[in-house]
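These are the residues of each chain, in order.
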Amino acid sequence: MARPSRRRPTPPAPPRRAWTRAKPAALRAPLLAWYREHHRKLPWRAEPGKLANPYHEWLSEAMLQQTQVATVIAYFERFTAAFPTLADLARAEEQSVLRLWQGLGYYRRARNLHAAARAVEANHAGRLPDTFEGLLALPGIGRYSAGAIASIAFGRRTPVVDGNVARVLARWFAIEEPVDAPAVRERLWRLAEHLVPARHPGDFNQAVMELGALVCTPKSPKCLVCPVAAACRANKMGIAERLPVRVPRRKPTAAEHHVLAIDRRGERLFVQRPDRGLWSGMWEMPTVEAVAAGVDAVEALRALAAARGIMIDKPARVGEFDHQTTHRSIHFVVWRARCTGGRLRGGAWRRPGKIDDLPLPNPQRRALEMLEE
DNA sequence: AACACGGGGAC
DNA sequence: GTCCCAGTGTT
């Protein structure tokens, strides 16, 4: 059976050119006035009219990718306590950076951040580049983050388009095409470029995002208190509630992972995940992610241990639970076995209570809790 | 252009 | 449950 298309079945909408007649002045002044009055105080944010600390701004942008402000705050505080400056971060081991990122997800962000810090130390005399192009060249900094850092920390007139900005612009200009379609995305960038002012571009960009977070929310937008409702086409048309349109997500695929706690003289085996893919660079108890057809899970676990050079007795089933990521629904089955001999290739033995140096993904932590009971 | 990459807040 | 979050890099 063919996978249903994710595209909207409706025919192309007629050309809509309202957005090309954007009048920046009608939006900027009331929006900035609203921002000065209603912005949230955030650990990385400067007062309106002032530039942010570039390192703090950069770190916050990395943490905020696909992650809500409320989730990030505690991570940001712990991270800056451990690494107060860019130089501190550059000197750190990647493992300790991942430790501080543990639980936040999208772990490649942490590894890119660390690699970029080292690149800045090596190639830019320890100073974060202060231009869009210079920032864009660093790992983990894309079009959005480069624009955000350049405007918010360095006062450059660079636009940003994130999820908030896309939603706000879709409503202001009544854009009825899916905002995640690349062609529409490109229009949004041109629109943002048109709107961002030369004076206080960082405040303007933050104001649009803040409006999206506090007023122009995905559901039940608060148009009655919106400072720019008078200039909003979707509000005039009464369609703010159903904008923006997005392409439907694909459903997560199902998987079953078997986690094996291998114990030997009070210590447990942990191994590091590969450089790429899911939970890359994080540690885990040896895990079978796909049991081949016709093979018993117990046999697969024995083979897993054998691949590491060790022998185990018969694994005993400890428990199970479900774990969700954006693209996978994973049923975890937790097992326990004793190491009966052999010589370990790769991995580390740790007392279960002393694993603080190993960054673990959330489901591995959950499996560990299950093993303690 | 499509896809993978985590986890959780808000409803 | 669903939606989506201050996106980026790879294929």
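Preceding this section is the structure that the text describes.
Let me sum up the structure you'll find in this document. (Residues numbered from 1 in each chain as written. Chains lettered and ligands numbered in written order. Predicted model: local features only at pLDDT ≥ 70, side-chain atom pairs only at ≥ 80, totals over all residues. Heavy atoms only, no water.)

### Some details on the overall build of chain A
Okay, step 1: Counting its secondary structure elements, chain A contains 14 helices and eight strands.
Okay, step 2: Once the C-alpha set of chain A is aligned to its principal axes, its extents read approximately 75 × 55 × 35 Å.
Okay, step 3: Evaluated residue by residue, chain A yields a buried proportion of 48% over its 373 residues.
Okay, step 4: Long-range contacts, defined here as pairs at least 24 residues apart, represent 69% of the contacts in chain A between residues at least 6 apart.
Okay, step 5: Counting only carbon and sulfur atoms, one obtains 52% of the accessible surface of chain A, whose full area is about 19,200 Å².
Okay, step 6: Side chains of chain A give 59 positive and 36 negative charges; the mean places of these two sets differ by 6 Å. (Helix = DSSP H or I, 4+ residues; strand = E, 2+ residues; numbered from the N terminus. Buried < 20%, exposed > 50% of the residue type's maximum accessible area, 1.4 Å probe, protein only. Contact = heavy atoms within 4.5 Å. Areas by Shrake-Rupley, 256 points an atom, 1.4 Å probe, with all protein chains shown as cover. Lys, Arg positive; Asp, Glu negative; His and termini not counted. Charge placed at Lys NZ, Arg CZ, Asp CG, Glu CD.)

### As for the pairing of strand 2 (residues 267-272)
Okay, step 1: Here two bridges tie strand 1 (residues 253-264) to strand 2, and the two strands are oriented antiparallel to one another. For Arg264, the partnering residue across the bridge sits in strand 2 and is Glu267.
Okay, step 2: Here two bridges tie strand 2 to strand 3 (residues 283-284), and the two strands are oriented antiparallel to one another. Bridge pairing in strand 3 links Gln272 to Trp283. (Pairing = 2+ DSSP bridges.)

### Here we look at the protein's contact with DNA strand B
Okay, step 1: Pro182, Trp279, His323, Thr326 and Arg328 are the nearest of the 26 residues found near DNA strand B.
Okay, step 2: The contact atoms of DNA strand B, taken as those within 4 Å of the protein, divide so that sugar and phosphate hold 64%.
Okay, step 3: Leu278 is positioned such that a nitrogen or oxygen atom in its backbone is 3.3 Å from a phosphate oxygen of DNA strand B.
Okay, step 4: Take His323: an N or O atom from its side chain is 2.8 Å from a phosphate oxygen of DNA strand B.
Okay, step 5: Counting only elements with at least two residues in the surface near DNA strand B, the list comes to helix 6 (108-123) and helix 14 (362-372).
Okay, step 6: Per-class residue counts for the surface near DNA strand B are eight nonpolar, 11 polar and seven charged. (Near = heavy atom within 4 Å. Polar contact = N/O pair within 3.5 Å; in protein donor to acceptor, adjacent residues only side chain to side chain. Nonpolar A, V, L, I, M, F, W, Y, C, P; charged D, E, K, R; others polar.)

### Description of the protein's contact with DNA strand C
Okay, step 1: Near DNA strand C, the surroundings consist of 29 residues, among which Gly140, Gly142, Asp162, Arg167 and Arg276 are the closest.
Okay, step 2: Sugar and phosphate atoms constitute 67% of the interface atoms of DNA strand C, taking the interface as everything within 4 Å of the protein.
Okay, step 3: Note that a base oxygen of DNA strand C is positioned 2.8 Å from one of the side-chain N or O atoms of Arg108.
Okay, step 4: Take Arg167: an N or O atom from its side chain is 2.7 Å from a phosphate oxygen of DNA strand C.
Okay, step 5: Contributing elements (two or more residues each) for the surface near DNA strand C: helix 2 (54-64), helix 6, helix 8 (143-152), helix 9 (163-172) and helix 11 (201-214).
Okay, step 6: Split into classes, the residues belonging to the surface near DNA strand C amount to eight nonpolar, 10 polar and 11 charged.

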